[in-house]
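# Chain and residue survey
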Amino acid sequence: MQCVPFLIALAVLVIELTPAHFIYTGPFLTAVPALAAVTLGPKGTAAAAALALAISVTTATCNGAWGSLQVYSNFLALALVSAAGFITSRAMQERRRRELDQVRSIAVAAQDVVLRPVPARLGPLRAASLCLAAGTGARVGGDLYEAVQTRYGVRMIVGDVRGKGLVAVRAVAVALGAFREAVHYEEDLVEVMNRCSAALRREVAVPGAYGHEVLMEGFTTALIAQVPDQPVVQLVNRGHPPPLLLHQGRAVPLTPSVPSPPLGLEDLVTDLPEKPETHVFMPGDRLLLYTDGVIEARNRAGEFFALPEAMEGMGVGPTPPVFLEQLHQALTRHTDGDLADDVAVILADRLEDLPRSPLGGADRG
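Here is a short report on the structure shown in this document. (Residues numbered from 1 in each chain as written. Predicted model: local features only at pLDDT ≥ 70, side-chain atom pairs only at ≥ 80, totals over all residues. Heavy atoms only, no water.)

## Brief notes about helix α10 (residues 320-335)
Put simply, the test is: Secondary structure follows DSSP: runs of H or I at least 4 residues long count as helices, runs of E at least 2 residues long count as strands, and numbering of each begins at the N terminus. Helix span is expected to be 1.5 Å times the residue number reduced by one. We call a residue buried when its accessible area falls under 20% of the maximum for its residue type, exposed when it is over 50%, and partly exposed in between, using a 1.4 Å probe and counting protein chains only. By definition, the arc is the one covered by directions from the helix axis to the C-beta atoms. Any two residues having at least one pair of non-hydrogen atoms within 4.5 Å are treated as being in contact.
When the terminal C-alpha atoms of α10 are compared, their 22 Å separation across 16 residues agrees well with the 22 Å that a helix rising 1.5 Å per residue should span. Of all the residues in α10, the buried ones are Pro320, Phe323, Leu324, Leu327, Ala330, Leu331, His334 and Thr335. Mapping the buried residues of α10 onto a view down its axis gives an arc of 115°, with all of them on the same face. Residues of α10 that are exposed and point more than 90 degrees away from the buried face comprise Pro321 and Arg333. Packing partners of the buried residues in α10 comprise β2 (125-132), β10 (286-290), α8 (292-295), α9 (307-314) and β11 (343-350). Immediately beyond the C-terminal end of α10, within one or two residues, lies aspartate 336, with a positive phi of roughly 55°.

## Brief notes about the environment of arginine 286
The line we're drawing: Pairs of N or O atoms are called polar contacts if they sit within 3.5 Å, as long as, within protein, a hydrogen donor faces a hydrogen acceptor (for residues adjacent in sequence, only side-chain-to-side-chain pairs).
Within the secondary structure, arginine 286 sits in strand β10. Along the backbone, arginine 286 and histidine 247 are 39 residues apart, and their C-alpha atoms lie at a distance of 6.9 Å. A distance of 2.8 Å separates the side chain of arginine 286 from the backbone oxygen of glycine 315, its partner in a polar contact. In terms of polar contacts, arginine 286 uses its side chain to reach the backbone carbonyl oxygen of proline 318, at 2.5 Å.

Here's what the structure looks like:
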């Protein structure tokens, strides 16, 4: 559709510079800026009008038509239609911009209700979070994250619901609601994940709440991490990208020994892991939990974003907020500001062992 005005202009030029120039092409040329106003915006309309004017001057000169009433009528009609098209195109663009800004603000407000920033200090951790919406209009994403300090240690979740829009937001709200409740009462980390899975199954079972595609193909990848007082991190991974542990300058993926399916696809396997996997998480180490929007971000050459290399390059020097800001800038440079998928990240630094209070517990002050 955007090419149509220029194809018409080309056709007019061919007609006027060949023996077929006896055909009256004035109305066709006048239509060029009018059609451009519908599909190309103000700048495209101005370009199409300039092209139509150049063709009119060229054909009038080649055909020796200067001085005729028809030529000046064509110029006047072209000028009027171009001006009207430009004004209309600007008005339409401004209206679309206002509507999109309004929808975006509603989407951001809806997502802010569900997702909240991670506290800067959580027990033995110094943490920060990052949530980026894909640059594709006003879509509300399906990424989720949360970090909570409990009597069992700091518990964190990062997940990704398949799909976009309100359906994904409902699933995010359900999963986070189940997580926020279970982390305070379930000692077993695997059972916390099971509670999230059960909540999603109950939500999908509501008659008429979801379409056929969601019922047949819907799933949620999730990763739950627990950081107790001991220098370890315990993980339960259900089909999610493995977190990265920055230890002594190297970013090591904490890949599960036995892969497990995402939530909603439990029927594909007979046995699920019964215990979380434990990894060393020493003071001074840095743990990064993220969604696949980070590692699947592509540049113009189709190359994926090298997250481990970026993490190693930034090191442990920057504080978590500064690190995530640098990560944001690196993603923007890599994708030229055009993220194809939403991004959710939690960064946690393991601090030195906290001093013990006289009551025997860690001093959280």
